[in-house]
Amino acid sequence: MENVKGKVIAITGASSGIGEAMARHLAALGAKVSLGARRMERLEDIVEDISNNGGQAICKKLDVTQPDEMKDFVEFTLERFKTLDVFINNAGLMPLSMINAYKIEEWHRMIDVNIKGVLHGIAAALPYFEEKDKGQFINITSVGDRWVGPTSTVYSSTKFAVRAISDGLRQEVSDNIRVTIVAPGATESELAETISDPELKEMAINQFRTNLLPAAAIARAVAYAVSQPTDVDVNELVVRPTAQKSF
Ligand SMILES: NC(=O)c1ccc[n+]([C@@H]2O[C@H](COP(=O)([O-])OP(=O)(O)OC[C@H]3O[C@@H](n4cnc5c(N)ncnc54)[C@H](OP(=O)(O)O)[C@@H]3O)[C@@H](O)[C@H]2O)c1
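For the protein, the name recorded in an unreviewed UniProt entry is SDR family oxidoreductase, with Flagellimonas oceani as its organism. Per UniProt, the protein carries the Sequence similarities (unreviewed entry) text "Belongs to the short-chain dehydrogenases/reductases (SDR) family."

### A word on the site of the ligand
In the vicinity of the ligand lie 29 residues, with Ser-15, Ile-18, Arg-38, Tyr-155 and Ser-189 positioned nearest. Contact distances for the ligand include 2.7 Å between an oxygen atom and a backbone N or O atom of Ile-18. Look at the ligand: alone it shows 870 Å² of surface, and the protein chains cover 95% of it. Put simply, the parts of the chain that give the shell around the ligand at least two residues each are helix 1 (17-28) and helix 5 (153-172). A per-class count over the shell around the ligand returns 12 nonpolar, 11 polar and six charged.

### A look at the environment of Asp-231
Here Asp-231 lies in the loop between helix 7 (215-227) and strand 7 (236-239). Look at Asp-231 and you get exposed, because its relative accessible area is 68%. Taking the C-alpha atoms as reference, Asp-231 lies 8.1 Å from Asp-175; in sequence the two are 56 residues apart.

### Observations regarding the packing of helix 4 (residues 104-132) against helix 5
Relative to each other, helix 4 and helix 5 sit at 15 degrees, their axes nearing to 8 Å. The orientation of helix 4 relative to helix 5 falls into the category roughly parallel. Handedness of the helix 4/helix 5 crossing: right-handed. Here Trp-107, Met-110, Ile-111, Asn-114, Ile-115, Val-118, Leu-119, Ile-122 and Leu-126 of helix 4 lie close against helix 5, whose contacting residues are Val-154, Tyr-155, Thr-158, Lys-159, Ala-161, Val-162, Ile-165 and Leu-169. When the residues that make up the contact of helix 4 with helix 5 are grouped by side-chain class, the tally is 14 nonpolar, two polar and one charged.

What counts, and at which threshold
- Residues numbered from 1 in each chain as written.
- Predicted model: local features only at pLDDT ≥ 70, side-chain atom pairs only at ≥ 80, totals over all residues.
- Heavy atoms only, no water.
- UniProt positions renumbered as here; feature names shortened; annotations may be inferred.
- Near = heavy atom within 4 Å.
- Polar contact = N/O pair within 3.5 Å; in protein donor to acceptor, adjacent residues only side chain to side chain.
- Areas by Shrake-Rupley, 256 points an atom, 1.4 Å probe, with all protein chains shown as cover.
- Helix = DSSP H or I, 4+ residues; strand = E, 2+ residues; numbered from the N terminus.
- Nonpolar A, V, L, I, M, F, W, Y, C, P; charged D, E, K, R; others polar.
- Buried < 20%, exposed > 50% of the residue type's maximum accessible area, 1.4 Å probe, protein only.
- Axes fitted to C-alpha atoms, helices over the stretch in contact; angles between N-to-C directions.
- Parallel < 35°, antiparallel > 145°, perpendicular 65-115°, else oblique.
- Left-handed = near helix turned anticlockwise from the far one by under 90°.
- Contact = heavy atoms within 4.5 Å.

As structure tokens, this is what we get:
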């Protein structure tokens, strides 16, 4: 695909689901991918697979809640691949619950990973993008960046925040730095595993998380945004399963 081949793309939360699918798809299109997440064995297996298929991939342990680890992840990518073209803030979790279940620890974790993690990614990559006056952020939000319903209050609020951060960033940076959000609908991944209430988890999986998109569908949307010429900034892509009508 035009403008993807040879690009260096760093992806947070690349050990499963959408992050893994993006790593595999972008590498198959000729990008050099740098994968970060906490589960190193998963990352190493994905890197090995990509390499066995002729692609170029590297990985580093990363907890996005730690700004220093995010900085190290960007430095590691620059050391190994000599440049950075695209930074994908993808790591996230979705422990849905009603507010009056008072799962305060889970609220904190969502805020730490889904919002602060994205800010840490921006803080780590933006200085390099500004230095070379070129680059692209892709922030994976959710249809929950514009929709809220019972049990998704805190999760949606983190995604509303990332949408706001992305649009503010887009306006603040130079004319040569692109900012894109990709907002998936229900997509195959391990995301529902983060729901701690067993009844809610079952309901989410059996009622709401049906007709799932394959994670590769989101990877293709991301590749489209990356593939545009530098003066074309695809600001938002919302990708739902065709049958997902209500949220
Ligand atoms: N699947 C959907 O239906 C859907 C819909 C809308 C939006 N999204 C968004 O898509 C993104 C990816 O989620 P997914 O659906 O692919 O779910 P997933 O399979 O559970 O993947 C989540 C990824 O985030 C990583 N992660 C979690 N906490 C982390 C931390 N502290 N530091 C670094 N990495 C961390 C996980 O890696 P480790 O555990 O190895 O660290 C994993 O690689 C999320 O932002 C999610 O909100 C998904």
